[in-house]
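Observations on the model geometry
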Amino acid sequence: MNDTNRPLIRLRDLKRIYTTEQLETHALDGIDLDIDDGEYVAVEGPSGCGKSTLLSVLGLLDEASEGEYRLAGVPVTEIDAEEQARLRNREIGFIFQSFNLIPEMTVRENVELPLIYRGGLSATERRRAVDEALARVEMSARADHRPAQLSGGQQQRAAIARALVGKPALLLADEPTGNLDSASGERIMQLLDELHADGSTLVMVTHDPGYAARAQRRVRMKDGSIDTDGRVAA
Amino acid sequence: MISGLLLDLRHAARLYLKTPWQSALALIMMAVAMALVSGMASLWSELYQPTPAGIESGDDLITIGPRADDPFSGTLGAGLIKDLSSSSQTLVDLTAESSFSRLPETDIDGQPVDGQAAPVMPGYFELLEPRMRLGRGLRAEDFADDGARVMVLGHRFWQDHFDGDTDILGREVSVGEDRWRIVGVVAPEFTGVGSGTFRFWAPYNSYFRHIQTGVPAELLDRIPMWQIFGRKLESLATSAVEAEIDRFLGGLSQTERSIAPEPGELMAIPGLVENPQAHQSAKRQVTILFIATVLIALVAAVNVGIFLLARAPARQRELALRQTVGATRRRLSGQLLIEAGVLVLLGSILGVLLSIWLAAGFRELRFLEGAAFTGSWLNLPALGFSAALAAVFTLLVALVPIVTLARRRLSEGSRQFSARPGPFQHTAGLVQLGLAGLVTAAAAAFMTHLWIMDQRDPGLSTEGILAASVTFRERPTGQFQPPAEEATWAYREAVRERLLALPSVEAVSFGSPLPGNRMTAISGYNIDGNEIRARIINVAPGFIELMGIDLLHGRDFKSAGEPGVIISRRFAEKAWGETDVVGQTVWHDQSNPDDERGRILGVIDDVNYEHPDEPPGPLALSGRSGFGAFMNATLIRGNPDPDRIEEIINETLETHLDLLHVDEVRPVAEIVAQLTAKDRARSRVTGLLGLVIVFMAAFGFFAMQRFLVDAGRRETAIRMALGAGPRSIHRHVLWQGLRLGGPGLIVGGLLALIVVAWLRNEGFITDGVSPALTGGAVAAGLLALMLLASLQPAISAARLRPGDLLKEE
């Protein structure tokens with residue numbers, strides 16, 4: 001989908017302003033950022049600096065108040081909610097800190113959900129894709145379990161399977177290890193490393209400098225703006 | 001204990017005041033529902049066993065009357081009443097009051113008296129035991145063969161006519177040429193059975209011999225002119241009395257049968273009423289409406305439960321906190337019960353107050369005409385029922401939050417509520433839609449019935465025709481002589497000429513009664529052994545054309561008062577089996593072979609003077625003056641000003657028939673619509689109830705969907721993050737609505753089908769109303785309602801900002 005001369009993500013003077021009766025909060029205040037296809041970017045910064053808001057805007061879960069955002073060349077601020085949902089479904093996979101699995105569904109059903117929304121796939125094709133994704137995160141044995149029957153690490157692996165089942169161009173991870181113990185966290189990070197190694201574009205929000213250091217590029221935010229943006233040695 | 005209760009009450013008040021609009025809406029719903037229930041319960045309770053005021057005990061009293069809704073149906077003659085009374089095994093006693101109660105022109109002690117008097121049979125005062133102001137009631141000895149001339153005065157008459165003289169007992173007063181002795185005065189609250197206020201009560205044999213002398217003595221025991229009252233044996237069903245009456249009628253001799261109803265034609269109902277058939281019919285209809293209001297109240301209670309549950313997510317922390325500081329589940333349940341109780345109690349009080357106004361309105365409903373309402377606006381049984389219902393509803397509505405909240409473990413205090421409908425939501429959906437289906441089906445059935453009735457061809461044209469009816473300037477006395485024929489014809493010519501001079505008047509004629517008029521005359525004909533009862537319509541030339549009635553054979557009257565009759569198709573077919581019967585005669589004056597009064601001049605198509613669902617009856621149109629032609633309505637086709645019409649007719653009446661003046665000028669369509677006035681009233685009342693329950697069901701369903709959408713915001717956000725667009729979210733919420741309401745939809749549709757079939761079977765609606773179509777239409781309506789009620793929650797769900805929600809923990 002992406003052409004080689006064009007960044008996968010292009011942000012120009014992007015702003016996200018929350019307005020209440022009393023005050024105006026600039027959660028994002030003029031962000032300029034390009035992320036290329038296949039890059040592994042860690043977004044760091046103190047609490048409230050706007051990194052999760054940035055991830056929400058990148059994932060089309062929230063809308064920018066001003067500025068330009070192009071995803072794979074598509075000006076997402078100009079398309080309607082339905083088209084944004086289609087883009088989100090095909091091009092973006094989410095990994096959340098709190099896993100966000102639907103508790104009433106089994107792991108298999110949770111992983112299958114993005115494919116159902118995509119439409120056009122037969123039940124067999126969906127099943128094959130789900131099996132592949134679960135095998136990729138080593139969760140095949142737990143396919144028929146419900147989230148409440150799994151450990152935190154297992155739930156996050158199921159969430160990663162759901163994120164990558166549709167083979168999206170971009171994976172967005174918001175503190176993916178925040179709710180996990182260190183061993184499980186390490187296992188998840190290894191999985192993300194593997195996904196990157198396989199060619200996935202990854203944008204990860206994290207507090208942990210150790211995990212951030214595993215990314216190719218570290219973007220540090222402060223007060224809604226990008227403070228530093230630097231590549232680390234691969 | 002008391003301080004705890006006060007604390008809970010204060011907390012409940014604060015809670016409701018926090019969301020004033022929602023609380024007010026829940027309160028209004030409860031109040032409306034309880035008002036409908038209380039009003040209808042009051043009505044039902046009054047109808048259950050009506051006992052006129054001023055009677056010591058109404059226990060086991062019954063009224064016996066004709067089963068048919070026919071003003072010409074009689075009961076039994078005095079002779080047969082006495083026979084039934086002496087042979088009865090089911091009745092302790094039997095008595096009767098004559099329906100010939102209007103006093104002839106008479107005077108008492110020289111002062112004219114009009115109004116009603118009550119000629120009664122023996123046992124009347126012993127059976128009814130009315131409270132007495134002075135003296136005694138009538139006794140057996142007052143009914144001796146020669147009949148004692150004694151009377152018991154009505155309280156008002158005693159006050160108005162005798163200045164409330166307390167020494168009146170034993171006083172003899174002159175009634176016409178006879179002397180009557182006053183033996184008692186009834187208490188003020190007793191005015192007799194029915195709507196009339198009797199001047200006095202007298203032994204029937206003396207009354208008909210000396211005051212109302214129009215009934216020949218030899219027919220006194222034979223004319224079925226009685227309203228019969230009895231007291232049945234204790235603990236015996238009224239049906240046992242009916243069965244005995246049927247056996248009695250079946251065992252009558254051939255001669256007796258000719259003056260008595262057939263077995264099955266008389267009915268017995270509990271209580272004392274003037275018109276048992278109308279009363280029984282009203283009771284059945286009020287029972288249906290009463291059930292409908294209870295169902296509405298149930299839906300309202302479920303809605304209040306939903307309203308309380310909607311607070312659950314917001315209150316879980318508060319209740320968890322109360323548990324951490326030591327509140328037991330029982331204590332929390334008590335608190336929730338009080339919260340629900342406050343709402344239901346306030347709603348019930350408001351409802352009962354509202355029902356004062358509502359119950360009075362209910363009594364005026366046209367289809368309850370003839371029913372006997374006794375007692376005050378809200379009687380004790382009705383109040384008791386409403387209180388019991390309120391208590392049940394309190395428990396019902398409190399149960400949901402109690403089960404949902406109080407049983408959650410402390411550790412679950414901050415956990416999300418399930419976004420999936422639980423047993424409560426499924427039950428609520430079933431109850432709301434099922435009951436809405438039931439009530440709206442009844443409303444739809446009555447409305448469709450009315451629509452079908454309105455479509456039926458009455459056989460005449462009503463559009464653009466005004467009818468000016470006349471009435472007496474002063475009530476005629478017993479010596480009233482109708483005006484001379486010539487005066488009537490002269491009046492007609494004069495008024496016709498003046499009205500036709502108005503540019504907006506196209507045609508003028510005269511005739512009455514019209515379909516929908518209350519007063520009607522029926523005459524019996526014997527044609528070659530065929531007994532035919534026909535309605536007599538007195539008309540002037542031009543009536544047939546002006547009213548758009550089809551003339552099938554022969555001709556209209558050529559001149560005013562022309563001898564001869566014009567009959568209807570039904571009349572002709574019943575008498576001769578064909579319609580072309582011009583020249584035949586409906587009756588002969590044997591002494592005058594040249595008499596043309598019974599000669600048929602023409603045959604018209606049927607005009608329905610009955611209810612549109614009944615076949616049209618035979619009609620005989622007469623142009624002669626003998627049938628009160630001077631009082632015919634003036635019929636005007638055109639578009640004139642009704643006030644001008646009234647002015648012209650009054651001026652002409654003053655010249656020619658000064659005993660009359662215009663009563664009213666109304667469109668004929670309005671008069672004819674009286675035929676379906678009861679259907680219209682039924683349709684309006686059930687329509688109103690249907691509207692209320694539909695609104696409540698829609699609101700309840702909306703609130704439920706809204707709750708589920710709110711509880712499922714996180715799940716919706718996840719779905720959106722995975723690529724669900726607004727349309728997918730809309731579909732998801734609408735589908736959730738369909739699953740939630742689906743069973744209610746099916747049950748509602750089925751109940752609709754059953755209720756319509758039942759209403760049809762019971763004769764409330766015409767056979768033209770299809771249960772399957774109505775059931776289908778109701779189910780489709782409920783589906784639309786469900787989708788409509790789910791629309792806003794669906795739109796709101798699709799407008800979530802998933803970014804914020806998914807960050808929450």
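Details of the structure are given in the entry above.
A brief report on the enclosed structure follows.

From N to C terminus, chain A includes seven helices and ten strands. Taking 17 Å as the expected radius of gyration for a compact globule of 234 residues, we find that chain A reaches 17 Å, a close match to that expectation. Looking at the 234 residues of chain A, the share that counts as buried comes to 53%. Accessible surface, chain A as shown: approximately 10,200 Å² in total, 44% of it carbon and sulfur. Of note, chain A has its 28 positive side-chain charges centred 5 Å away from the centre of its 39 negative side-chain charges.

Now for the overall build of chain B. Counting its regular elements, chain B contains 23 helices and 22 strands. Along the longest, intermediate and shortest principal axes, the C-alpha atoms of chain B span 110 × 70 × 55 Å. Taking all 809 residues of chain B together, the buried fraction comes to 53%. Sequence-distant contacts, at least 24 apart, represent 81% of the contacts inside chain B between residues at least 6 apart. Across chain B, the 73 positively charged side chains and the 88 negatively charged ones have centroids separated by 17 Å.

What follows deals with helix 22 (residues 771–798) of chain B. Relative to the 40 Å expected for 28 residues at 1.5 Å per residue, helix 22 of chain B spans 39 Å between its end C-alpha atoms, a close match to the ideal helical length. Capping the start of helix 22 of chain B is the job of one residue whose side-chain oxygen sits 3.3 Å from the backbone nitrogen of Ala772 of chain B: Ser770 of chain B.

A word on the interface of chain B and chain A. Taken together, the contacts link 24 residues of chain B with 27 residues of chain A. Across the chain B/chain A interface, buried area totals approximately 2,100 Å², and carbon plus sulfur atoms make up 55% of it. Linking chain B with chain A are one salt bridge. We note a salt bridge from Arg801 of chain B to Asp62 of chain A, for which the minimum N-O separation is 3.2 Å. Put simply, chain B and chain A have seven residue pairs in polar contact (both at pLDDT 80 or more) between them. If you list the elements that add at least two residues to the side of chain B that touches chain A, you get helix 20 (713–721), helix 21 (726–761) and helix 23 (802–807) of chain B.

Each pair of packed helices can be described by the angle between their axes along with the distance between the axes. Residues and elements named next belong to chain B. Two elements in contact, helix 1 (residues 2–18) and helix 11 (residues 329–363), have axes whose closest approach is 9 Å; the angle formed by their N-to-C orientations is 55°. Between helix 1 and helix 11, the angle falls in the class oblique. In terms of crossing hand, the pair formed by helix 1 and helix 11 is right-handed. Packed against helix 1, whose contacting residues are Gly4, Leu5, Asp8, Leu9, His11, Ala12, Leu15 and Tyr16, the element helix 11 presents Arg331, Gln335, Ile338, Glu339, Ala340, Val342 and Leu343 at the interface. Taken together, the residues of the contact of helix 1 with helix 11 sort by class into nine nonpolar, three polar and three charged.

Here the focus is a nonpolar patch on the surface. A contiguous nonpolar surface patch, about 350 Å² in accessible area, is contributed by Ile2, Leu5, Leu6 and Leu9 of chain B. For Leu9 of chain B, the position within the fold is in helix 1.

Quick look at the nonpolar core now. Residue and element names in this part refer to chain B. Formed by 89 residues in total, the largest nonpolar core has its most connected members in Ile296, Phe393, Leu689 and Met696. By residue number, the principal contributor to this core is helix 9 (residues 276–310), which donates 17 residues. Beyond its immediate chain neighbours, meaning those up to four positions away, Met696 contacts Met29, Val32, Ala33, Ile296, Val299, Ala300, Asn303 and Gln432. Of all hydrophobic cores here, the second largest spans 66 residues; its members include Ile64, Ile168, Trp201 and Leu266.

Moving on: the pattern of salt bridges. One pass over the structure, following the stated rule, counts 43 salt bridges over all chains. The partner of Asp34 of chain A in a salt bridge is Arg12 of chain A, with the nearest N and O atoms 3.1 Å apart. Here the residue Asp34 of chain A occupies a position in strand 2 (residues 24–35), and Arg12 of chain A occupies one in strand 1 (residues 9–19), the gap between them amounting to 22 residues. Here Glu141 of chain B makes a salt bridge to Arg139 of chain B, at a shortest N to O gap of 3.8 Å. Each of Arg16 and Asp62 of chain A together with Arg801 of chain B takes part in salt bridges that share partners, so that together they form one network.

Right, let's get into the side chain of Thr75 of chain B. All names here are of chain B. With respect to the secondary-structure elements, Thr75 resides in the loop between strand 1 (61–66) and helix 3 (78–87). Accessibility expressed as a relative area gives 5% for Thr75, which makes it buried. Looking at Thr75, its side chain comes within polar contact range of the main-chain oxygen of Trp226, at 2.6 Å. Each residue touching Thr75, except ones within four places of it in the same chain, is listed here: Ile64, Gly65, Pro66, Pro224, Trp226, Ile228, Pro261 and Leu266.

All names here are of chain A. The grouping of Asp13, Asp29, Asp32, Asp223 and Asp227 at the surface amounts to a negative patch. Within the secondary structure, Asp227 is located in strand 10 (residues 225–231). Classification of Asp227 as partly exposed rests on a relative accessible area of 45%.

Residue and element names in this part refer to chain B. Direction vectors running N to C along helix 19 (residues 677–711) and helix 21 enclose 125°, while the axes themselves pass 11 Å from each other. It follows that helix 19 is oblique to helix 21 by the angle criterion. Handedness of the crossing formed by helix 19 with helix 21: right-handed. Counting all contacts with helix 19, which are made through Phe701, Met704, Gln705, Leu708 and Val709, the residues of helix 21 involved are Val733, Gln736, Gly737, Leu740 and Gly741. Here the contact of helix 19 with helix 21 is composed, by residue class, of six nonpolar, four polar and no charged.

Conventions we followed
- Residue positions are given per chain, counting from 1 as you read along its sequence in written order.
- Chain A is the first chain written and ligand 1 is the first ligand written, with later ones labelled in order.
- At least 70 in pLDDT is required for a residue's local features to be given in this predicted model, at least 80 for side-chain atom pairs to be given and counted, and no such filter applies to totals for whole chains, interfaces and linings, which use all residues.
- Working from all heavy atoms in the structure, the side-chain values ignore hydrogens and water.
- Counting from the N terminus, the helices are DSSP H or I runs at least four residues long and the strands are E runs at least two residues long.
- Between the two quantities, the radius of gyration covers C-alpha atoms and the globule rule is 2.2 Å times the number of residues to the power 0.38.
- Residue exposure (1.4 Å probe, protein chains only): buried if accessible area is under 20% of the type maximum, exposed if over 50%, otherwise partly exposed.
- Shrake-Rupley sampling with a 1.4 Å probe provides the accessible areas, and residues are treated as covered by the protein chains on show and by no other component.
- A residue counts as positive if it is Lys or Arg and as negative if it is Asp or Glu; His and the chain ends are not included.
- Charged groups are reduced to one reference atom each: NZ for lysine, CZ for arginine, CG for aspartic acid, CD for glutamic acid.
- Every residue pair with non-hydrogen atoms within 4.5 Å of one another is taken to be in contact.
- Given a helix with a known number of residues, its expected span is that number minus one, times 1.5 Å.
- For this analysis, a polar contact is any N or O atom pair within 3.5 Å, provided that within protein one partner can donate a hydrogen and the other can accept it, and provided that sequence-adjacent residues contribute only side-chain to side-chain pairs.
- Summed over both partners, the accessible surface that disappears when two parts come together, traced with a 1.4 Å probe, is what is meant by buried area.
- One side-chain nitrogen of Lys or Arg within 4 Å of one carboxyl oxygen of Asp or Glu is enough to make a salt bridge.
- Angular values range over 0 to 180 degrees, each being the angle between N-to-C directions of two axes fitted as lines to C-alpha atoms, with helices fitted over their stretch in contact.
- When describing relative orientation, an angle under 35 degrees is termed roughly parallel and one over 145 degrees roughly antiparallel, while 65 to 115 degrees is termed roughly perpendicular and anything else oblique.
- Here a crossing is taken to be left-handed if its near helix is turned anticlockwise relative to the far helix by less than a right angle, and right-handed if that turn runs clockwise.
- All residues other than Ala, Val, Leu, Ile, Met, Phe, Trp, Tyr, Cys, Pro, Asp, Glu, Lys and Arg, Gly among them, are scored as polar; the first ten of these are nonpolar and the last four charged.
- What goes into a patch is any residue over 30% in relative accessible area without a salt bridge, connected to like charges within 9 Å or, for nonpolar side chains (Val, Leu, Ile, Met, Phe, Trp, Tyr), within 5 Å.
- By nonpolar core we mean a set of buried residues, namely Ala, Val, Leu, Ile, Met, Phe, Trp, Tyr and Cys, connected to one another through side-chain atoms within 4.5 Å.

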